Amino acid sequence: MTLLTLPSPAKLNLFLHITGRRDDGYHELQTLFQFIDVCDELSFTLTDNPDISLIPEIEGVAHEDNLIVKAARILEPYKQAHQGVAISLTKVLPMGGGIGGGSSNAATTLLALNQLWQCHLPLEQLAQLGKQLGADVPIFVFGHSAYAEGIGEKLTQTDPETPYYLLLKPNCEVPTGQIFTDKYLTRDTPAIRISHALKLEGHNDCLEVVRRLYPEVDEAFLWLTQFGDAKLTGTGACLFLAFESIDDAERVRASAPAKWQTWICRGCNTSPTHDALNQWIASQHT
Ligand SMILES: C[C@](O)(CO)[C@H](O)COP(=O)(O)OP(=O)(O)OC[C@H]1O[C@@H](n2ccc(N)nc2=O)[C@H](O)[C@@H]1O
Ligand SMILES: Nc1ncnc2c1ncn2[C@@H]1O[C@H](COP(=O)(O)OP(=O)(O)OP(=O)(O)O)[C@@H](O)[C@H]1O
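Thresholds applied
- Residues numbered from 1 in each chain as written.
- Chains lettered and ligands numbered in written order.
- Predicted model: local features only at pLDDT ≥ 70, side-chain atom pairs only at ≥ 80, totals over all residues.
- UniProt positions renumbered as here; feature names shortened; annotations may be inferred.
- Domains from an automatic or database assignment.
- Contact = placed C-beta atoms within 7 Å.
- Helix = DSSP H or I, 4+ residues; strand = E, 2+ residues; numbered from the N terminus.
- Nonpolar A, V, L, I, M, F, W, Y, C, P; charged D, E, K, R; others polar.
- Buried ≥ 20, exposed ≤ 12 C-beta atoms within 10 Å, placed from the backbone.
- Pairing = 2+ DSSP bridges.
- Near = placed C-beta within 6 Å.
- Core = buried A, V, L, I, M, F, W, Y, C linked by C-beta atoms within 7 Å.
- Axes fitted to C-alpha atoms, helices over the stretch in contact; angles between N-to-C directions.
- Parallel < 35°, antiparallel > 145°, perpendicular 65-115°, else oblique.
- Left-handed = near helix turned anticlockwise from the far one by under 90°.

Identification of the protein as 4-diphosphocytidyl-2-C-methyl-D-erythritol kinase from Marinomonas aquimarina is taken from an unreviewed UniProt entry. The annotation that UniProt attaches to the protein under Pathway (unreviewed entry) is "Isoprenoid biosynthesis; isopentenyl diphosphate biosynthesis via DXP pathway; isopentenyl diphosphate from 1-deoxy-D-xylulose 5-phosphate: step 3/6." Its UniProt record gives the protein a comment under Catalytic activity (unreviewed entry), which states: "4-CDP-2-C-methyl-D-erythritol + ATP = 4-CDP-2-C-methyl-D-erythritol 2-phosphate + ADP + H(+)".

Now the structure itself:
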């Protein structure tokens, strides 16, 4: 029985500029992605029947709508084996948080089944397949911090600093589509050069719209701003603040109102999924 267990991390958008809107309604972005070591966990066991099972299902998400199942279905035509897969999920990452949990789960599934089903697809092809499931899937497939353009799929690998972060989830979920269709969203931030991206004190163009629509985010943003340069990730709802020391981060966390979920985490420039997968591959060859 082959068992592969992988972490499925969250991402932060260290900045997110919206530079335009395409004819299909999708937005042109310039953003800097970094992973954090807050993760869901997915376990994959090959089975003798061709089914794709998932335990537990996510409440409110139908089996075939789950991005884990969708990712497995996308890979099915490429599999060299007749086996199906039993997947178990430990969900930690809040949904509608702007930290990309669903996209991360999809990418982790693509990476795991590419090995277990012996599909032998290169990362570029996995990312291309994953893009159909969400704009954030390619970065999780690629597995290295990157500066992104296009709708988030044109990636340039980079290595930003890896501070500690206090991640804070206000008591609400923000649907990505709602923010991108808001008429007050800034869509004309001047494009920057890639070479400037790492030196940039960038901002998130979604912040003002999210604060106006979600008073919970506004309140949490004002609270976190007392301690430094608080930022929104993606289209929210999560906010984050960087710290040089874990003790400083812990002190601020200790004073956070109990109604908000908080995590202390560390930025990582390689995805924990890839670290674990590489270890597993190495163990298969010994
Ligand atoms: C905001 C980010 O999280 C930044 O990393 C992503 O761009 C969003 O990625 P995602 O959640 O995977 O988004 P998708 O599931 O592809 O899209 C959700 C909805 O957001 C809008 N959307 C998304 C990405 C983008 N570049 N422009 C858009 O206008 C579209 O209306 C789409 O229907
Ligand atoms: N495996 C999954 N994990 C989380 N959400 C899923 C999953 N499969 C489907 N979904 C759906 O995707 C929606 C978005 O979830 P997700 O956790 O990716 O939010 P998000 O962090 O705001 O995403 P993003 O940062 O990509 O905008 C959920 O509300 C849920 O309906």
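Taken as a whole, the protein is organised into domain 1 (3-158 + 272-284) and domain 2 (164-268). Centre-to-centre separation of domain 1 and domain 2, based on C-alpha positions: 23 Å. The interface of domain 1 with domain 2 comprises 29 residues on the first partner and 36 residues on the second. Looking at the side of domain 1 that touches domain 2, the elements with two or more residues in it are β1 (3-21) and β2 (27-47). Ranked by residues supplied to the side of domain 1 that touches domain 2, first place goes to β1 with ten residues. Looking at the side of domain 1 that touches domain 2 residue by residue, the class counts come to 14 nonpolar, 13 polar and two charged.

We now examine the pairing of strand β4 (residues 84-90). Every regular strand shows the same layout, with side chains that alternate between the two sheet faces. On β4, burial follows the alternation: Val 85, Ile 87 and Leu 89 on one face are buried, whereas Gly 84, Ala 86, Ser 88 and Thr 90 on the facing-out side are not. Relative to β4, β2 runs antiparallel, the two being bridged by seven bridges. Along β4, the bridge assignment pairs Ser 43 with Ser 88. Here strand β3 (residues 52-55) pairs with β4 via four bridges, running parallel.

The positions UniProt marks with the feature "active site" (unreviewed entry) are Lys 11 and Asp 136. Spanning 126 residues, the named residues nonetheless gather at one spot, since no C-alpha pair among them exceeds 9.2 Å. Accessibility expressed as a C-beta count within 10 Å gives 25 for Lys 11, which makes it buried. Look past the residues within four positions of Asp 136 in its chain and what remains in contact with it is Lys 11, Gly 100, Ser 103 and Gly 152.

We now examine the site of ligand 2. Close contacts around ligand 2 come from 21 residues, with Leu 67, Gly 101, Gly 102, Asn 105 and Gly 234 the closest. Contributing elements (two or more residues each) for the shell around ligand 2: α1 (67-75) and α2 (101-116). The element that contributes the greatest number of residues to the shell around ligand 2 is α2, accounting for four residues. In terms of residue class, the shell around ligand 2 is built from six nonpolar, 13 polar and two charged.

Core analysis: the biggest nonpolar cluster contains 73 residues, and Leu 110, Val 141, Leu 167 and Val 210 have the highest contact counts within it. For this core, the leading source of residues is β2, giving nine residues. Split by domain, the residues of this core number at least three in each of domain 1 (3-158 + 272-284) and domain 2 (164-268). For Val 141, the residues in contact, after removing those within four places along its chain, are Ala 107, Leu 110, Leu 111, Leu 123, Leu 126, Ala 127 and Gly 130.

Turning to the packing of α2 against helix α3 (residues 123-131), a few remarks are in order. Running from N to C, α2 and α3 point in directions that differ by 140 degrees, and their axes come no closer than 10 Å. On the basis of their axis angle, the class for α2 and α3 is oblique. The crossing of α2 and α3 is right-handed. For the pair α2 and α3, the contacting residues are Ala 106, Ala 107, Leu 110, Leu 111 and Asn 114 in the first and Leu 126, Leu 129 and Gly 130 in the second. A per-class count over the contact of α2 with α3 returns six nonpolar, two polar and no charged.

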